[in-house]
Amino acid sequence: MSPSASPASLQVDAAGPPPRNNSGARLVLAAVLLGFFTIMVDAMIVNVALPSIGRGFDSGITGLQWVVDGYTLAFAAFLLSAGAVSDRIGARQAFAYGLGLFVAASTICAMAPNLGVLVAARLVQGAGAALVVPSSLALLRETFPDPAARARAIALWGVGGSVGAAAGPVAGGLLTLIDWRMIFFVNLPVGAVALLLLKRAPRSARREVHFDWTGQVTAVAAMGALTYAVIEAGADGFGSGRVLAAFAVAIVAAVIYLVAQARGRHPMTPLPLLRSRTMSLAAAIGFALNVGFYGMIFLLGLYLQQVHGLSALATGVAFLPMTVLTSFMGPVAARLATRFGARIPVIIGQSLMAAGLLAMVTLPAGAPVWLSVALMVPVGAGGAMAVTALVSLLLENVPAERAGVASGVLNAARQLGGALAVAVFGALVADRTGFVSGLHTSLLIAAATVAVSVVATVLLRTQVPHQIPATADDAGPRLLER
């Protein structure tokens, strides 16, 4: 289930870059595809290598949780303002800076002398990835002014992400056979080629976009402190002084963030958007879906190697049927939405995911590997179907000037769901003697979370469709009414 995103602005000013010639446009498309492909590979490649990283640094589950969550948290937090940065400095420049930052951080990851350096570099990787995603789509919008050509380019962009997600586990298993550090080194040549191709693209026009420093800083603090508290609670208990302090920081930062969004002149996420039924429901669904999906990926990557004794490569291959099939769910979701209405693929997708997770709970420790592989398919395919429909519906129900903000909130909620899932589930499986019991408890929590979002989607419906307001004075929006 690849991360879906939209740019902060798919609109290009009349004074923006002129149409590109076919050769130059193809090179820009290749650069964008390679960059997004690299980001997507990295999102999936690390989970398979976690046991090897743990052995290399003699780290327990808490350290491995941070290897995953460092990237996910930075990705989530900086997605909220990445679109504004892309508009402010120009899409081409933002893409180059983001990818350059990602590649540089990958080099540090590959050469990390200890776990602390690796986690810090993963945080930088996530920040770079957050800037690449919206700027890549904005760059395609500039490069392909013709709607038909742009639609084909964006479709290829989506395929590139799906291929990257599918290739990630297998590539991770293969490269880990050599050395786990190779999973980060592989980003260097691909990123370098993308940056060289990008040289053919002219500088993008800049726009006067205000940056919400208070909102961005407090969003990072709130998400980071909350995840830290949950992860460390697994090791020290919820009564630990530093755990309680982290929860307090998260609460204070969240309150300051909300006040800044309510009273700030240029809020990053205006409160009318956050209060809207459309946005709140979409964010909740996205959160639940990533709890199920990324939680399962994290757990099964450990389970297949620690309990079943599979190699890293065999574990990567075990994920392949799910990741390949998820790439076909976009067209399926579109056809279902056209025939039965927008809510149906969201509900079906969530239901498939919940059923797959619940079925995994019933598997005994000695169950054959192929059963786990088979049950991954409805989880991944259902999640991809629901996310595809959800993103499309959200963007259809927002005015152009709110598309970037809405998609940023949605994707931040999704990434936060994945980060908290890894934090909570990692604590539950930290004791190796009770790993299977912790695994089942975690999967049950994930299934219940997705099931609640199914019920909310079914019950929360309206008779008349409304859009998310373009201004603070507009009425509250609604979505998923069909």
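Residues numbered from 1 in each chain as written. Predicted model: local features only at pLDDT ≥ 70, side-chain atom pairs only at ≥ 80, totals over all residues. Heavy atoms only, no water.

## Details of the environment of S311
Then, number 1: With respect to the helices, strands and loops of the structure, S311 is situated in the loop between α11 (277-306) and α12 (312-326).
Then, number 2: For S311, a relative accessible area of 35% corresponds to the partly exposed category.
Then, number 3: Between the alpha carbons of S311 and G173 there is a distance of 7.6 Å; along the sequence they are 138 residues apart.
Then, number 4: Engagement of the side chain of S311 in a polar contact is seen with the backbone nitrogen of A314, the distance being 3.1 Å. (Helix = DSSP H or I, 4+ residues; strand = E, 2+ residues; numbered from the N terminus. Buried < 20%, exposed > 50% of the residue type's maximum accessible area, 1.4 Å probe, protein only. Polar contact = N/O pair within 3.5 Å; in protein donor to acceptor, adjacent residues only side chain to side chain.)

## As for the pattern of salt bridges
Then, number 1: Counted by the stated rule, this structure contains 2 salt bridges.
Then, number 2: A salt bridge links R122 to D42; the shortest N-O distance between them is 2.8 Å. Of this pair, R122 sits in helix α4 (residues 115-143) while D42 sits in helix α1 (residues 22-57), placing them 80 residues apart in sequence.
Then, number 3: Using a relative accessible area of 2% as the deciding quantity, one classes R122 as buried. (Salt bridge = Lys/Arg side-chain N within 4 Å of Asp/Glu carboxyl O.)

## Description of the nonpolar core
Then, number 1: In this structure, L118, M296 and L357 are the most contacted members of the largest nonpolar core, which totals 125 residues.
Then, number 2: With 17 residues, α1 is the single largest residue contributor to this core.
Then, number 3: If we skip the residues at most four places from it in the chain, L118 touches I53, F57, V67, C109, A112, W180 and F184.
Then, number 4: With 6 residues, the next largest nonpolar core counts M329, A333, L336 and M385 among its residues. (Core = buried A, V, L, I, M, F, W, Y, C linked by side-chain atoms within 4.5 Å. Contact = heavy atoms within 4.5 Å.)

## Remarks on the packing of aromatic side chains
Then, number 1: Within this structure, the stated rule accounts for 5 aromatic pairs.
Then, number 2: Their ring planes at 90 degrees and their centres at 6.3 Å tell us that W180 and F184 sit as a pair that is edge-to-face.
Then, number 3: With relative accessibility at 8%, the residue W180 sits in the buried group.
Then, number 4: Here the aromatic cluster, defined as three or more aromatic residues joined through ring pairs, consists of F57, W180 and F184. (Phe/Tyr/Trp six-rings, centres within 6.5 Å; stacked < 30°, edge-to-face > 60°.)

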